[in-house]
Structures are given as C-alpha cells and as structure tokens.
Amino acid sequence: MLRVGLTGGIGAGKSAVSSRLAARGAIVIDSDVLAREVVAKGTEGLAEVVAEFGPEVLTAEGEMDRPAVGQIVFGDAAARKRLEAVIHPRVRARAAEIEASAPDDAIVVHDIPLLVETGQADKFDAVLVVDVPAAVQLERLTRQRKMDAGEAEQRIASQATREQRLAVADIVVDNSGTLAELETRLDEVWATLRGHGPTTKA
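Parameters and conventions
- Residues numbered from 1 in each chain as written.
- Predicted model: local features only at pLDDT ≥ 70, side-chain atom pairs only at ≥ 80, totals over all residues.
- Heavy atoms only, no water.
- Buried < 20%, exposed > 50% of the residue type's maximum accessible area, 1.4 Å probe, protein only.
- Helix = DSSP H or I, 4+ residues; strand = E, 2+ residues; numbered from the N terminus.
- Pairing = 2+ DSSP bridges.
- Lys, Arg positive; Asp, Glu negative; His and termini not counted.
- Salt bridge = Lys/Arg side-chain N within 4 Å of Asp/Glu carboxyl O.
- Contact = heavy atoms within 4.5 Å.
- Polar contact = N/O pair within 3.5 Å; in protein donor to acceptor, adjacent residues only side chain to side chain.
- Arc of directions from axis to C-beta.
- 1 Å grid on protein atoms, 1.4 Å probe; cavity = no way out; pocket = protein on both sides within 12 Å on 5 of 7 lines; lining within 4 Å.
- Points joined across faces, edges and corners; volume = space filled by probe spheres on them.
- Nonpolar A, V, L, I, M, F, W, Y, C, P; charged D, E, K, R; others polar.
- Axes fitted to C-alpha atoms, helices over the stretch in contact; angles between N-to-C directions.
- Parallel < 35°, antiparallel > 145°, perpendicular 65-115°, else oblique.
- Left-handed = near helix turned anticlockwise from the far one by under 90°.

## Regarding the pairing of strand 3 (residues 107-111)
The two faces of a sheet get side chains in turn, since along a regular strand they alternate between them.
Part 1 of the argument: For strand 3, the buried fraction is high: five of the five residues fall into the buried class.
Part 2 of the argument: Residues of strand 3 alternate between two faces, with Ile 107, Val 109 and Asp 111 on one and Val 108 and His 110 on the opposite face, all of them buried.
Part 3 of the argument: Across five bridges, the pairing between strand 1 (residues 2-8) and strand 3 is parallel. Following the sheet pairing, Arg 3 is matched in strand 3 by Val 108.
Part 4 of the argument: Direction of pairing for strand 2 (residues 27-30) relative to strand 3: parallel, over a ladder of four bridges. When the bridges of strand 3 are listed, Ile 29 appears paired with His 110.

## A look at the side chain of Arg 140
Part 1 of the argument: Summarising the element assignment, Arg 140 is placed in helix 6 (residues 134-143).
Part 2 of the argument: One buried charged residue, Arg 140, remains without a salt bridge, the closest side chain of opposite sign being Glu 139 at 5.1 Å.
Part 3 of the argument: Not counting chain neighbours up to four residues away, the residues in contact with Arg 140 comprise Gly 11, Ala 12, Gly 13, Val 132, Arg 145, Asn 175 and Ser 176.

## Considering the environment of Arg 24
Part 1 of the argument: Along the polypeptide, Arg 24 turns up in the loop between helix 1 (14-23) and strand 2.
Part 2 of the argument: Setting aside residues up to four positions removed in sequence, Arg 24 forms contacts with Glu 183, Leu 186, Asp 187 and Trp 190.
Part 3 of the argument: A distance of 2.8 Å separates polar atoms of two side chains, one belonging to Arg 24 and the other to Asp 187.

## Things to note about helix 6
Part 1 of the argument: Among all positions in helix 6, only Gln 137, Arg 140 and Leu 141 are buried. Buried residues of helix 6 fall within an arc of 95° about the axis and therefore sit on the same side.
Part 2 of the argument: Tucked inside the fold, the buried residues of helix 6 contact helix 7 (149-157) and helix 8 (162-168).

## Some points on empty space enclosed by the protein
Picture a little ball the size of a water molecule; that probe, rolled over the atoms, points out where space is still empty.
Part 1 of the argument: Across all of its chains, the model carries one cavity of 30 Å³ or more by this definition.
Part 2 of the argument: Its boundaries defined by the atoms lining it, the largest cavity holds a volume of some 30 Å³.
Part 3 of the argument: As for the largest cavity, its lining consists of Gly 9, Ala 12, Val 130, Asp 131, Val 132, Gln 137 and Arg 165.
Part 4 of the argument: Residues that form the lining of the largest cavity fall into these classes: three nonpolar, two polar and two charged.

## Here's the deal with the packing of helix 6 against helix 7
Part 1 of the argument: Their axes nearest at 9 Å, the elements helix 6 and helix 7 cross at an angle of 130°. Taken as axis vectors, helix 6 and helix 7 run oblique relative to one another. Between helix 6 and helix 7 the crossing geometry is right-handed. For the pair formed by helix 6 and helix 7, the contact residues are Ala 134, Gln 137, Leu 138, Leu 141 and Thr 142 on the first element and Ala 149, Ala 152, Glu 153 and Ile 156 on the second.

## Thoughts on the packing of helix 3 (residues 44-53) against helix 5 (residues 77-100)
Part 1 of the argument: Two elements in contact, helix 3 and helix 5, have axes separated by 10 Å at closest approach and are oriented at 165°. Relative to helix 5, helix 3 is oriented roughly antiparallel. As for the relative orientation of helix 3 and helix 5, their crossing is right-handed in sense. Residues Glu 44, Gly 45, Glu 48, Val 49, Glu 52 and Phe 53 of helix 3 form the contact with helix 5, whose participating residues are Ala 79, Arg 82, Leu 83, Val 86 and Arg 90.
Part 2 of the argument: Its residues assigned to classes, the contact of helix 3 with helix 5 comprises five nonpolar, one polar and five charged.

## Some details on the environment of Ala 149
Part 1 of the argument: Tracing the sequence through the fold places Ala 149 in helix 7.
Part 2 of the argument: Judged by relative accessible area, which is 39%, Ala 149 ranks as partly exposed.
Part 3 of the argument: Setting aside residues no more than four positions away along its own chain, Ala 149 makes contact with Leu 138 and Thr 142.

## Observations regarding the sheet that holds strand 1
Part 1 of the argument: Spatial strand order, 2-3-1-4-5: five strands in an open sheet with parallel pairing. Bordering the open sheet on either side are strand 2 and strand 5 (171-174), each of which pairs with just one other strand. The sheet shows a mean angle of 25° between the axes of neighbouring strands, direction not considered.
Part 2 of the argument: Across the face of the sheet, helix 1 comes into contact with strand 1, strand 2, strand 3, strand 4 (126-131) and strand 5 while running at roughly 155° to strand 1.

Given below as structure tokens:
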C-alpha cells in the first residue's frame with residue numbers, strides 16, 4: 001500500500017485533482033466528507049459540538065449549522081482549536097478504518113486541506129501538493145465562490161503559506177493552467193505513484 005497525503009490551499013483545485021486520481025484507481029479518503037460525517041445529526045460528535053458552543057449551532061432540523069459555527073470559529077483561534085479537538089480525532093479514526101479495508105496494493109490518497117497546519121506531512125509515504133499562485137486563488141474564490149476580495153484574502157491568510165506547503169511536498173501539481181494540462185500532469189504523477197519510484201517536484 002502507498003499512502004499519499006494530498007493538500008493544497010483554498011481555491012487551488014485540490015478536489016479536481018482528488019477526483020481525477022480516484023478515476024485512475026486511487027482510493028480517496030476525503031477529510032472534508034468525513035468531517036461532515038462525524039458531526040452528522042444524531043452523532044456523538046455533534047453532541048460534543050453543542051456542548052462546547054451551545055444549541056445555537058443547530059439548525060431547526062437538528063443538524064449542525066455550519067455557517068453559524070464558521071462565524072464562531074473563524075478568526076478565533078481558541079474556538080477553532082476547541083472545534084478541531086472534537087472533529088479531528090474522529091476524522092482520523094474513520095480514515096484509519098477506511099484505509100484498513102483497502103487492498104494491500106492500493107494507492108490510498110488522504111485528501112486533507114489542513115495537512116500542513118495539523119502537522120501530518122510526515123505520516124505519509126508521499127505528500128502531493130496542488131499549487132497555484134495566490135493571485136489565482138484570489139481570482140477563483142471571488143469568481144467561482146462569489147466571495148468578496150476581503151473575505152477571500154482572509155481565508156487564504158488563515159491557512160499555511162504557499163511556501164510552507166511546498167516545503168513538505170514530494171510531488172507538486174501546478175494547477176494554474178488548463179484542465180488538459182492538469183490531466184497530462186496527473187498521468188505523470190499516477191505513473192510515478194504506481195511505480196512507487198522516486199517522486200519529483202518538477
């Protein structure tokens with residue numbers, strides 16, 4: 001089994017890369033999906049979030065009100081750490097369960113937006129970083145996600161820097177070009193992963 005950590009800044013196009021790796025045969029474990037799963041309605045995780053932040057973080061249907069939680073923790077490092085203390089251990093446990101069920105020769109890609117921020121780079125056989133310049137991130141967030149420039153800049157600044165991500169990368173995927181260019185690069189990356197050969201930052 002080859003364990004790959006996949007990360008990238010907001011707006012870099014990490015989801016596009018993970019879906020294309022899955023299409024090539026990788027088993028993708030998406031931490032964002034698991035983070036929603038572990039605080040779904042009726043879970044112990046959601047009960048803990050409510051205990052930490054109060055019933056106002058619930059919708060009328062009894063689900064977690066993600067925008068409300070986001071308003072509480074965004075810009076408040078202490079509150080964010082309290083939320084992460086509930087979610088992160090559960091996500092890691094669930095990811096380990098999924099990985100344990102994978103075939104011995106699988107390429108398992110752990111899609112982790114905050115891989116650098118949570119100090120997990122050394123837990124994988126290879127770290128793949130989806131990279132774009134900050135100007136591209138900003139343009140995508142304002143155009144595709146309809147954020148205003150100030151919010152987009154705050155979101156980018158709240159994550160690890162581009163340099164911090166590149167410092168832990170074994171493989172870098174430049175996703176500032178066309179989809180055709182991305183497909184060509186991922187063909188190269190997939191061949192490297194399949195061969196378990198030397199990785200490249202080219």
